[in-house]
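# Understanding the architecture of this molecule
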Amino acid sequence: MAMAASYKVVLGSIAFAIFWVLAVFPAVPFLPVGRTAGSMLGAMLMVLFRVITPDDAYAAIDLPILGLLFGTMVVSVYLERADMFKYLGKLLSWKSKGPKDLLCRICLISAISSALFTNDTSCVILTEFVLKIARQHNLPPHPFLLALASSANIGSSATPIGNPQNLVIAVQSKISFGGFVTGILPAMLVGVFVNALILLIMFWRLLSVQKDEEDATSDVVGEDDVNSHRFSPATMSHLSSLNFEEILDPLSSPSHINGNSTHIDTLRNRVNAVNHDEIERATDGSIGSGRVSNASKEAANEIPSTESFEVQNSEQKESKKERLKNKLWKAGVYLITIGMLVALLMGLNMSWTAITAALALVVLDFKDARPCLEKVSYSLLIFFCGMFITVEGFNKTGIPNTLWNLMEPYAKIDHVSGIAVLAIVILVLSNFASNVPTVLLLGGRVAASAAAISASEEKKAWLILAWVSTVAGNLSLLGSAANLIVCEQAHRAPNLGYTLSFWNHLKFGLPSTLIVTAIAGEQEQRGEKRFREIEHKNDLECRPNSRAVQSNQRLSSSTLEGASPSSLNEKKLACIKTVA
């Protein structure tokens, strides 16, 4: 693709630069409008500058990716309501054998949950749990927060639904869900193990410090702590607990009680006066009347006690029904989620599978779905729409294609050096321009270059792009949205606030990213090599038989003419024996 007109190149570069600044630095002083508004601004400028036409802008929006993203977010919301993440939080400290065991457990649980529920969701939920466990065990939260964020990024690479860039790659490459998982899962497992090992080496002394005796009994996160975290959509306003109680029970409000105190005292005086007159009228020897009065008192006391007993029984029955109903609903949510994963592994359309699962959960809930749908991050969907248009406009300028043509001869993935060059480029761009724009800019070009070698190399190129662009998020604090989520959640946590600085993250992120990328990439290369050897061996075993069949077919066709039936049958038998 040749370079566009000069004015389109200049104006398109300006629009993309504005998008990039606001995407990487959403609170920039001169225009603190955020990432979502920044992506829409970049898209609008691309159309206003006539770099891209309005029709091309609409066509650039990838609806399958948006549908898959929306469906997975809705499923995550219902899984949160079904206490899936509460159980994951409990697993973090269940029978923990010390700080090192806790660190490894955080790495494993974070990686698995991110592969199934996206890395951003896992970080939103698990950050506060990690802080509470660190507080209970009197441990520094720094290594555990790094373990959570880095393992979430690595684990999310294993599935197309693990992170946004994988969604883009899965839809554009048309790689099946099962093919994607089998291609990256070995590298993911090795990456999680190596990442945990690096964390243990770097923080071994810090994790070896014994906790105080007063904290020795705090081995498990309390039930209240586990249940305290819930998604709270920013668009909803909540009443304070005091106001809410006053609305539900106005009789219990302090103003109402003070306003009627005089009336209550008057009633008490009247009751006391009546009882005093009755006592004076009663004689000391009236045993019968005393028995009657006692019987009447017992009867009066028995009536309210029976009624209260019946009320308690009815409440217990209702609570049992509610608990049973809640358990059945949770089981239904889990079954629908498992069904969605099975359908994805079977190769069904990923977008419609996720949307179908989301709607099935809405119907199963049998309630107004608005509270759950309000928790979906629509700003993220709008951000993707603006980003699709902005990146497509930047592609129209011809700048990305020109740069790729200069780099392509050195980034051939059929050589180790080419893979290293490609990985370095992806690492740098993912931290410079974010991972999703990097995938949008490089994906088609890398795949086309690999397809010129072979079809298997094309799939390999997509998987390398998915792996490196995801792990690249661990390099710096700004490299991944999951890192920023952990940082912000930890800073805002009530009574648990902790600030994870940029340099503290970089000290761990830089060596971890380079080592994990290299070692896990080598593991992926070995797996690909073994797969090719098996495929080649099977091909060699099949070739002699095919050659024998072809020669026998030629022999039989040449002897058909002028042959008697008996001789023809004998030759057919000889051909069959030769093939066998």
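As a reminder, the structure under discussion sits directly above these lines.
Here we take up the overall build of the protein chain. A count of helices and strands for the protein chain gives 26 helices and zero strands. The contacts in the protein chain between residues at least 6 apart in sequence include a share of 78% that link residues at least 24 apart. Accessible surface, the protein chain: about 31,800 Å² in total, of which carbon and sulfur atoms supply 63%.

Now for the pattern of salt bridges. The full count for this structure, using the stated rule, is six salt bridges. Between Asp83 and Lys330 there is a salt bridge, with the nearest N and O atoms lying 2.8 Å from each other. Taken together, the residues Asp83 in the loop between α4 (63-81) and α5 (84-93) and Lys330 in helix α16 (residues 287-345) connect sequence positions 247 residues apart. Comparing Asp83 with Lys330, the two get one shared label, buried.

This part covers unusual backbone geometry. Negative phi values dominate among residues other than glycine, just as trans dominates among peptide bonds. Even without a glycine there, the phi angle at Arg50 is positive, about 60 degrees. Examined against the element boundaries, Arg50 turns out to sit in the loop between α2 (34-48) and α3 (54-60). Looking at Arg50, the relative accessible area reads 65%, which means it is exposed. Positive phi is not limited to glycine here, since Lys174 has a value of about 60 degrees. Mapped onto the fold, Lys174 is located in the loop between α9 (164-173) and α10 (177-202). On the basis of relative accessibility, which here comes to 72%, the residue Lys174 falls in the exposed class.

As a further point, take helix α20 (residues 399-407). Among the residues of α20, Ile399, Pro400, Asn401, Trp404 and Met407 are the ones counted as buried. Where the residues of α20 are buried, they touch α1 (6-24), α19 (378-396), α21 (416-433) and α22 (435-451).

On inspection of all chains with the given rule, the structure shows three cavities of 30 Å³ or more. Approximately 50 Å³ is the volume attributed to the second largest cavity. Together, Thr72, Val75, Ser76, Leu79, Leu116, Phe117, Thr118, Ile161, Thr337 and Met340 line the second largest cavity. Mapped onto the lining of the second largest cavity, the elements with two or more residues apiece are α4, α6 (99-117) and α16. Take the lining of the second largest cavity: its biggest share by element is four residues, from α4.

Turning our eyes to something else, we now look at the packing of α9 against helix α23 (residues 455-471). Running from N to C, α9 and α23 point in directions that differ by 170 degrees, and their axes come no closer than 10 Å. The angle between α9 and α23 places the two elements in the roughly antiparallel class. Two secondary-structure elements touch here, α9 through Gln165, Asn166, Ile169, Gln172 and Ser173 and α23 through Trp462, Leu465, Ala466, Ser469 and Thr470. Taken together, the residues that form the contact of α9 with α23 break down as four nonpolar, six polar and no charged.

What follows deals with the side chain of Ser351. Tracing the backbone through its elements, the reader meets Ser351 in helix α17 (residues 350-365). Within polar-contact distance, the side chain of Ser351 engages the backbone oxygen of Pro64 at 2.5 Å.

Contact geometry for α9 and α22: axes closest at 8 Å, N-to-C directions at 20 degrees. Classified by the angle their axes make, α9 and α22 are roughly parallel. Along this stretch, α9 crosses α22, giving a crossing that reads as right-handed. Contacts between α9 and α22 pair Pro164, Gln165, Val168, Ile169 and Gln172 from the former with Asn435, Val436, Val439 and Leu440 from the latter. Its residues placed into classes, the contact of α9 with α22 shows six nonpolar, three polar and no charged.

Let us look at the environment of Leu200. Structurally, the position occupied by Leu200 is in helix α10. For Leu200, a relative accessible area of 13% corresponds to the buried category. Sequence spacing of Leu200 and Lys100 is 100 residues, and the spatial spacing of their C-alpha atoms is 7.1 Å. Apart from residues lying up to four places away in sequence, Leu200 is in contact with Lys100, Leu103, Cys104 and Leu207.

Let us look at the nonpolar core. In this structure, Phe384 and Trp467 are the most contacted members of the largest nonpolar core, which totals 135 residues. With 12 residues, the top contributor of residues to this core is α10. In contact with Phe384, not counting residues within four places along its chain, are Ile65, Leu66, Leu69, Pro164, Val168 and Val436.

Secondary-structure assignment places Ser156 in helix α8 (residues 142-156). Residue classification places Ser156 among the buried residues on the basis of a relative accessible area of 0%. A polar contact is formed between the side chain of Ser156 and the backbone oxygen of Asn153, at a distance of 2.8 Å. Those residues in contact with Ser156 that sit more than four places away from it in its chain are Ser114, Ala115, Asn119, Gly162, Asn163, Asn166 and Thr470.

Let us look at a positive patch on the surface. Together, Lys317, Lys320, Lys321, Arg323 and Lys327 make up a region of like positive charge exposed at the surface. Mapped onto the fold, Lys327 is located in helix α16.

Our next topic: the packing of aromatic side chains. In this description, a pair of aromatic rings is defined by centroid distance and the angle of the planes. A full pass over the atoms with the stated rule returns eight aromatic pairs. Their ring planes at 80 degrees and their centres at 6.2 Å tell us that Phe383 and Phe384 sit as a pair that is edge-to-face. Side by side, Phe383 and Phe384 carry an identical accessibility label, which is buried. Ring pairs connect the aromatic residues Phe16, Phe19, Phe383, Phe384, Phe388 and Phe394, which therefore count as one cluster. Residue placement shows Lys100 over the ring face of Trp204; its charged tip is 4.5 Å from the ring centre.

Cut-offs and rules
- Residues numbered from 1 in each chain as written.
- Predicted model: local features only at pLDDT ≥ 70, side-chain atom pairs only at ≥ 80, totals over all residues.
- Heavy atoms only, no water.
- Helix = DSSP H or I, 4+ residues; strand = E, 2+ residues; numbered from the N terminus.
- Contact = heavy atoms within 4.5 Å.
- Areas by Shrake-Rupley, 256 points an atom, 1.4 Å probe, with all protein chains shown as cover.
- Salt bridge = Lys/Arg side-chain N within 4 Å of Asp/Glu carboxyl O.
- Buried < 20%, exposed > 50% of the residue type's maximum accessible area, 1.4 Å probe, protein only.
- 1 Å grid on protein atoms, 1.4 Å probe; cavity = no way out; pocket = protein on both sides within 12 Å on 5 of 7 lines; lining within 4 Å.
- Points joined across faces, edges and corners; volume = space filled by probe spheres on them.
- Axes fitted to C-alpha atoms, helices over the stretch in contact; angles between N-to-C directions.
- Parallel < 35°, antiparallel > 145°, perpendicular 65-115°, else oblique.
- Nonpolar A, V, L, I, M, F, W, Y, C, P; charged D, E, K, R; others polar.
- Polar contact = N/O pair within 3.5 Å; in protein donor to acceptor, adjacent residues only side chain to side chain.
- Left-handed = near helix turned anticlockwise from the far one by under 90°.
- Core = buried A, V, L, I, M, F, W, Y, C linked by side-chain atoms within 4.5 Å.
- Patch = residues over 30% accessible without salt bridge, like charges linked within 9 Å, V, L, I, M, F, W, Y side chains within 5 Å.
- Lys, Arg positive; Asp, Glu negative; His and termini not counted.
- Charge placed at Lys NZ, Arg CZ, Asp CG, Glu CD.
- Phe/Tyr/Trp six-rings, centres within 6.5 Å; stacked < 30°, edge-to-face > 60°.
- Lys NZ or Arg CZ within 6 Å of the ring centre and 35° of its normal.

These results come straight from atomic positions and should not be treated as a statement about function.
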